[in-house]
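Chain by chain, the residues:
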Amino acid sequence: MKKLITAVVLSTVLLVNAAFANKTDNVSYKVENAFRQEFTQAKDVTWDKTDNFYRAAFKMNNEVMTAYFTTDGQLMGVIHNMLSTQLPINLQTSLKKEYDGYWISELFEFARPDSNGYFITIQNADQVITLQSSDGSSWSTFSKSKK
Amino acid sequence: MKKIFFSLTLTAAILSSAFTYAGTNSEPGTKVKQAFINEFTQVKDVEWTSMNTEGVYQAKFTFNNETLQAFFTEEGEFLGTTRQITKSQLPILVASGLEKQYADARVISIFEYSKKDGLDYYITLTTAKGAVIVKASANGEFSVYKKNLK
């Protein structure tokens, strides 16, 4: 159930990405305040807006993050594109053991207010696989397709 | 109850070895070495230590250019891995929670402890009141593991 909720929220977040068109400095107090409470040390913040969502790109610990808020100031999720060496060690060793010979085409961390997960897309000559981890210890298949 | 006590003792021993060196150089049996190979393929130059906790071996090695310690029972059961990491390697919820809850503290060191069934972070901080080790789950739940360290 938790995995399903994560998948639905993630799909929403990724789908609304396409709708963000214009940078804005006109961020509502509610959203700005929610952001500042959640990310107290955020730097270099830039905002975009659609009819229903705000997107904040910022730096935290020198890492670039993207946070998504509703217009009511509710945090929907945060995405952090990352390197495989930043993954928890069990996830790194599991990739090496089970998917040796695949290369990584996308890797990001997806955090909601109460849970944290990782999504990785790997491929070889024949197929593309997206794996997800919600416990930081093991991968499960999110999607798989032939090339 | 006995199992829980053993698990707590073991966690303390593993963390103790992460914070300070504990144990003596000692080669384990075939079962442990095979378990290591199954868990960490393509790893060479392993340094083995028999820990002070009876029947537990520590393997120190390099993986993806990082130094790791992995722990096994003498029966070859894999217990977990520790590594020292930086703030930028923390999950988002842990990094943001740390900045919210310990804004005035200075981070001294961070250890990731990966077990088969989960992941925890042990963060040593100095505050105006002294040093403290806090434990954080990957979902950003914090608790004090040890305080008033000297």
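Residues numbered from 1 in each chain as written. Chains lettered and ligands numbered in written order. Predicted model: local features only at pLDDT ≥ 70, side-chain atom pairs only at ≥ 80, totals over all residues.

### Description of the overall build of chain A
Line of reasoning, step 1. Counting its secondary structure elements, chain A contains 3 helices and 9 strands.
Line of reasoning, step 2. Put simply, chain A runs from its N terminus to its C terminus through helices and strands in the order α-β-α-β-β-β-β-α-β-β-β-β.
Line of reasoning, step 3. For chain A, the residues scored as buried account for 30% of the 147 residues in total.
Line of reasoning, step 4. Taking as baseline every contact in chain A between residues at least 6 positions apart, the subset at least 24 positions apart corresponds to 39%. (Helix = DSSP H or I, 4+ residues; strand = E, 2+ residues; numbered from the N terminus. Buried ≥ 20, exposed ≤ 12 C-beta atoms within 10 Å, placed from the backbone. Contact = placed C-beta atoms within 7 Å.)

### Quick word on the interface of chain B and chain A
Line of reasoning, step 1. At the interface, 26 residues of chain B touch 28 residues of chain A.
Line of reasoning, step 2. At the level of elements, β5 (78–85), α3 (92–101), β6 (106–115) and β7 (118–127) of chain B are the ones that each hand at least two residues to the side of chain B that touches chain A.
Line of reasoning, step 3. Its residues assigned to classes, the side of chain B that touches chain A shows 9 nonpolar, 9 polar and 8 charged. (Nonpolar A, V, L, I, M, F, W, Y, C, P; charged D, E, K, R; others polar.)

### So, unusual backbone geometry
Residue and element names in this part refer to chain A.
Line of reasoning, step 1. Even without being a glycine, D44 presents a positive backbone phi close to 50°.
Line of reasoning, step 2. Residue position: D44 is located in strand β2 (residues 43–49).
Line of reasoning, step 3. Residues other than glycine seldom take positive phi values, yet N62 does so here, at roughly 65°.

### Details of the nonpolar core
Line of reasoning, step 1. Core analysis: the largest hydrophobic core is formed by 41 residues, its most contacted members being F35(A), A67(A), F69(A), V94(B), Y121(B) and I123(B).
Line of reasoning, step 2. Those residues in contact with F35(A) that sit more than four places away from it in its chain are A56(A), A67(A) and F69(A).
Line of reasoning, step 3. Core analysis: the second largest hydrophobic core is formed by 12 residues, F36(B), F40(B), L68(B) and A70(B) among them. (Core = buried A, V, L, I, M, F, W, Y, C linked by C-beta atoms within 7 Å.)

### Comments concerning the environment of T71(A)
All names here are of chain A.
Line of reasoning, step 1. Checked against the element boundaries, T71 lands in the loop between β4 (63–70) and β5 (75–81).
Line of reasoning, step 2. Judged by C-beta crowding, with 14 C-beta atoms within 10 Å, T71 ranks as partly exposed.
Line of reasoning, step 3. Taking the C-alpha atoms as reference points, T71 and Y54, separated by 17 residues in sequence, lie 6.5 Å from one another.
Line of reasoning, step 4. Ignoring anything within four residues of it in the chain, the contact list for T71 reads S28, V31, N52 and Y54.

### Observations concerning the pairing of strand β3 (residues 56–63) of chain B
Residue and element names in this part refer to chain B.
Line of reasoning, step 1. The pairing of strand β2 (residues 47–50) with β3 spans 4 bridges and is antiparallel. Paired with E47 across the two strands is K60, which belongs to β3.
Line of reasoning, step 2. Here β3 folds back onto strand β4 (residues 66–73) in antiparallel fashion, the turn holding 2 residues, of which N64 has a positive phi close to 50°. (Pairing = 2+ DSSP bridges.)

### Observations regarding helix α3 (residues 89–98) of chain A
Because each turn of an α-helix spans 3.6 residues, side chains separated by three or four positions in sequence point in the same direction.
Line of reasoning, step 1. For α3(A), every residue scored as buried is listed here: I89(A), N90(A), L91(A), Q92(A) and T93(A).
Line of reasoning, step 2. Its buried side turned inward, α3(A) meets β7 (115–123) and β8 (127–133) of chain A together with α2 (30–39), β4, β5 and β6 of chain B.

### Topic: the pairing of β4(A)
Residues and elements named next belong to chain A.
Line of reasoning, step 1. Sheet analysis places strand β3 (residues 53–60) next to β4, joined by 8 bridges and oriented antiparallel. By the bridge assignment, R55 is partnered in β4 with Y68.
Line of reasoning, step 2. If you look at the hairpin formed by β3 and β4, you'll find 2 residues sitting between the two strands, and N61 has a positive phi there, around 55°.
Line of reasoning, step 3. Pairing analysis gives 4 bridges linking β4 to β5, with the strands arranged antiparallel. Following the sheet pairing, T66 is matched in β5 by I79.
Line of reasoning, step 4. The hairpin turn running from β4 into β5, its antiparallel successor, is 4 residues long, and G73 in that turn takes a positive phi close to 90°.

### Focus: the confidence of the model for chain B
Line of reasoning, step 1. When pLDDT is averaged along chain B, the result is 84; 82% of the residues meet or exceed 70.
Line of reasoning, step 2. Two summary scores accompany this predicted model of the complex, namely pTM at 0.83 and ipTM at 0.82. (pLDDT = per-residue confidence, 0-100.)

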